[in-house]
Amino acid sequence: MIILKSQRDALLQPLQSVSGIVEKRHTLPILSNVLLEKKGETLTLIATDIEIQITTTSENVGGEGDGAVTVAARKLLDILRSLPETAEVTLNLEDGRLQVKAGRSRFNLQTLPADDFPRMSVTEGDEKRFTVSQKSFRYLISKTQYAMASQDVRYYLNGLLLIVDGKELRSVATDGHRLAYNSMEIENELAHQEMILPRKTVLELNRLLEESDAPLEITVGEAQIRFAFGGTVLLSKLINGKFPDYERVIPKELVNRVTVDRLALHAAMSRAAILTNDKFRGVRVLLEPGTLKIVAVNAEHEDAEEEIETPYAGASLDVGFNVTYLLDVLNNLSGNEIEWNFNDATSSAMVTVPGNERFKYVVMPMRI
C-alpha cells in the first residue's frame, strides 16, 4: 500500500512535463503509463516511448510508505486537470488499483507493475558536457525546427542536426525543399561532433524549456543525448544516419537583395495563400524596382495579387515558391524586417535577418 498526499499542482506540473511523449495507443500497454516512484518525501515520475525518456521529481510530498507503480498517464492527467486548483489529492495503491481521492471525488484506476516499466539505460563512455541557458537553446532550435521533415522515408530528415564545433553550437533542419540554419556561442571549446536529434525530442524540448537564463546541461554520448534542466531530465536516442551537407545548400553569393517589412509580407502572403489549395501551394513572387508582387492563381481560374513597396533596385525577377515554406519562416522570426536574397528564377533564395549573421533560411523555387 502506498499513500501519497499532495496539493493538486504539485502532482499536475511534473505529470504535464513527462506526459507529452506518452502515446495514447501503443503496442506495449505499459508505454501508455507513467511510472510513479515514491521515496520518503520525493516523488519521481518517468515516461518513455523507448526512444525518449523524461524524468522529473516533486519534493515535499506527504503520505506513508514508499513504493512504485505505473498508471495510465493521460487518464491521471485528465483527472488532475479536472479537479479544483486548491484540491488536496491522495493516491492510494491497493490490490493492483490506484485510488485517486480529492474532496468527494473518487477514481479507481488500473495499474501495471513498476518492475515491468522499460527504463532507458544510460550508456557510459566518451561524453561531451556543456551548459547553456534554457532561453538561448530554445531560441536556437525554435528558429530551425519547423523545417524538419515529418514522415520522410529518409529517416535522418525527420530530425534536427546539432553540431558542436569549438565554441559554436549549430542547429540545422531540412525536408529536402527548404533548409533552416542557426548558431550560438558556447563557453566550452569542444571537438567537432555532429548528432541528429529525433523530431519528437526537439518538439518536447521546445515545449519544456523556459524563457529564462536558468541552466540547461547537455551531455552528448555516442548514441544518446541527455538534457538536464530545472529538476527534469530528458534522455534521447540519437538518429543513426548521414545528414545532407548543409554547407553546399547555403548559397555563397546572391546578387539580388530586397529588404521587406516582415509583418507586411506575412499579411500579404497569408491573403494570397487563400486562393491556393492543399495540392498546389504555389505563389509567384515578382520583383521589380520599387515593388514586390505576390500572385496566386488556382484551378478555378481565380487569382489574387498583393503588392508591397520596397527599396529594391535590382533586376526584374519572376520566381515561384511554396507559400507554406515562406509563411513558416515569417511566423518563426521576430524582427521587424527580413532580407530576401535571390540569384535568378531557377536558383534557391535565402531569407536572413538584418544584423544577424547566425540565421539563414534557404528555400528552393518551384515551377508555376
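This report concerns the structure included in the present document. Bear in mind the structure is a predicted one, so any value in this text is a computation, not a measurement.

**Looking at the sheet that holds strand β11 (residues 178-198)**
In a beta sheet, neighbouring strands pair by backbone hydrogen bonds and run either parallel or antiparallel.
Thinking step 1. The six strands are arranged β10-β11-β22-β21-β20-β15 in an open sheet whose pairing can be described as antiparallel. Single-partner strands in this sheet number two, and they are β10 (159-174) and β15 (256-261). Across the sheet, the axes of successive neighbouring strands diverge by a mean angle of 25 degrees, strand direction being ignored.
Thinking step 2. Across three bridges, the pairing between strand β20 (residues 337-342) and strand β21 (residues 349-353) is antiparallel. Residue Glu339 lies in a different strand from β21, and its bridge partner there is Thr352.
Thinking step 3. Contacts between helix α4 (residues 199-208) and the sheet are confined to β10 and β11, with β11 contributing the most and set at about 70 degrees to the helix.

**Some details on the environment of Ala267**
Thinking step 1. Note that Ala267 resides in helix α6 (residues 262-273).
Thinking step 2. Accessibility expressed as a relative area gives 29% for Ala267, which makes it partly exposed.
Thinking step 3. In this structure, the C-alpha to C-alpha distance between Ala267 and Leu330, residues 63 residues apart in sequence, is 9.8 Å.

**Notes on the packing of helix α3 (residues 134-142) against α4**
Helix-helix packing: each pair is described by the crossing angle between the helix axes and the interaxial distance.
Thinking step 1. Interhelical geometry of α3 versus α4 gives an angle of 135 degrees and a closest axis separation of 10 Å. Taken together, the axis directions place α3 and α4 in an arrangement best described as oblique. As α3 runs across α4, the sense of the crossing is left-handed. Two secondary-structure elements touch here, α3 through Phe137, Arg138, Ile141 and Ser142 and α4 through Val202, Leu205 and Asn206.
Thinking step 2. Its residues placed into classes, the contact of α3 with α4 shows four nonpolar, two polar and one charged.

**Some thoughts on the packing of helix α1 (residues 8-19) against helix α2 (residues 73-82)**
Thinking step 1. Close contact between α1 and α2 brings their axes to 10 Å; oriented N to C, the two are set at 140 degrees. Crossing geometry of α1 relative to α2 is assigned as left-handed. Between α1 and α2, the contacting residues are Arg8, Leu11, Leu12, Leu15, Gln16 and Ser19 on the first element and Ala73, Arg74, Leu76, Leu77, Leu80 and Arg81 on the second.
Thinking step 2. Looking at the contact of α1 with α2 residue by residue, the class counts come to seven nonpolar, two polar and three charged.

**Re the pairing of strand β12 (residues 215-220)**
Thinking step 1. In the sheet, strand β9 (residues 128-133) pairs with β12 via six bridges, with the strands oriented antiparallel. Pairing of Lys128 across the sheet is with Val220, part of β12.
Thinking step 2. When β12 meets strand β13 (residues 224-229), the two strands line up antiparallel, connected through four bridges. In the sheet register, Glu217 faces β13, and the bridge partner there is Ala228.
Thinking step 3. Counting the residues that bridge the hairpin from β12 to β13 gives three residues.

**Quick word on the packing of aromatic side chains**
Thinking step 1. The final tally for this structure, using the stated rule, is seven aromatic pairs.
Thinking step 2. Ring plane angle 35 degrees and centroid distance 5.8 Å describe the contact between Phe321 and Trp340, whose orientation is recorded as tilted. Placement of the pair is Phe321 in strand β19 (residues 317-322) and Trp340 in strand β20, with a sequence separation of 19 residues. We note that Phe321, like Trp340, is buried.
Thinking step 3. Ring geometry for Phe321 against Phe342: centres 6.3 Å apart, planes inclined by 55 degrees, an arrangement best described as tilted. With Phe321 in strand β19 and Phe342 in strand β20, this pair connects stretches of sequence that are 21 residues apart.
Thinking step 4. Put simply, the rings of Phe321, Trp340 and Phe342 touch in pairs and so form one group of aromatic residues.

**A few points about the pattern of salt bridges**
Thinking step 1. With the rule as written, the count across this model stands at 21 salt bridges.
Thinking step 2. With its nearest N and O atoms 3.7 Å apart, the salt bridge here joins Arg129 to Glu127.
Thinking step 3. The exposure class of Arg129 is partly exposed, given its relative accessible area of 45%.
Thinking step 4. You can call Glu127 partly exposed: its relative accessible area is 31%.
Thinking step 5. Between Glu305 and Lys293 there is a salt bridge, with its nearest N and O atoms 4.0 Å apart. Of this pair, Glu305 sits in strand β18 (residues 303-309) while Lys293 sits in strand β17 (residues 291-297), and the two are twelve residues apart along the sequence.
Thinking step 6. Take Glu305: its relative accessible area is 52%, and that puts it in the exposed class.
Thinking step 7. Because the salt bridges share partners, they merge into one network encompassing Asp165, Glu168, Arg170, Glu185 and Arg358.

Reading guide: rules and limits
Residues numbered from 1 in each chain as written. Predicted model: local features only at pLDDT ≥ 70, side-chain atom pairs only at ≥ 80, totals over all residues. Heavy atoms only, no water. Pairing = 2+ DSSP bridges. Helix = DSSP H or I, 4+ residues; strand = E, 2+ residues; numbered from the N terminus. Axes fitted to C-alpha atoms, helices over the stretch in contact; angles between N-to-C directions. Contact = heavy atoms within 4.5 Å. Buried < 20%, exposed > 50% of the residue type's maximum accessible area, 1.4 Å probe, protein only. Parallel < 35°, antiparallel > 145°, perpendicular 65-115°, else oblique. Left-handed = near helix turned anticlockwise from the far one by under 90°. Nonpolar A, V, L, I, M, F, W, Y, C, P; charged D, E, K, R; others polar. Phe/Tyr/Trp six-rings, centres within 6.5 Å; stacked < 30°, edge-to-face > 60°. Salt bridge = Lys/Arg side-chain N within 4 Å of Asp/Glu carboxyl O.

Just distances and angles here, no functional claims.
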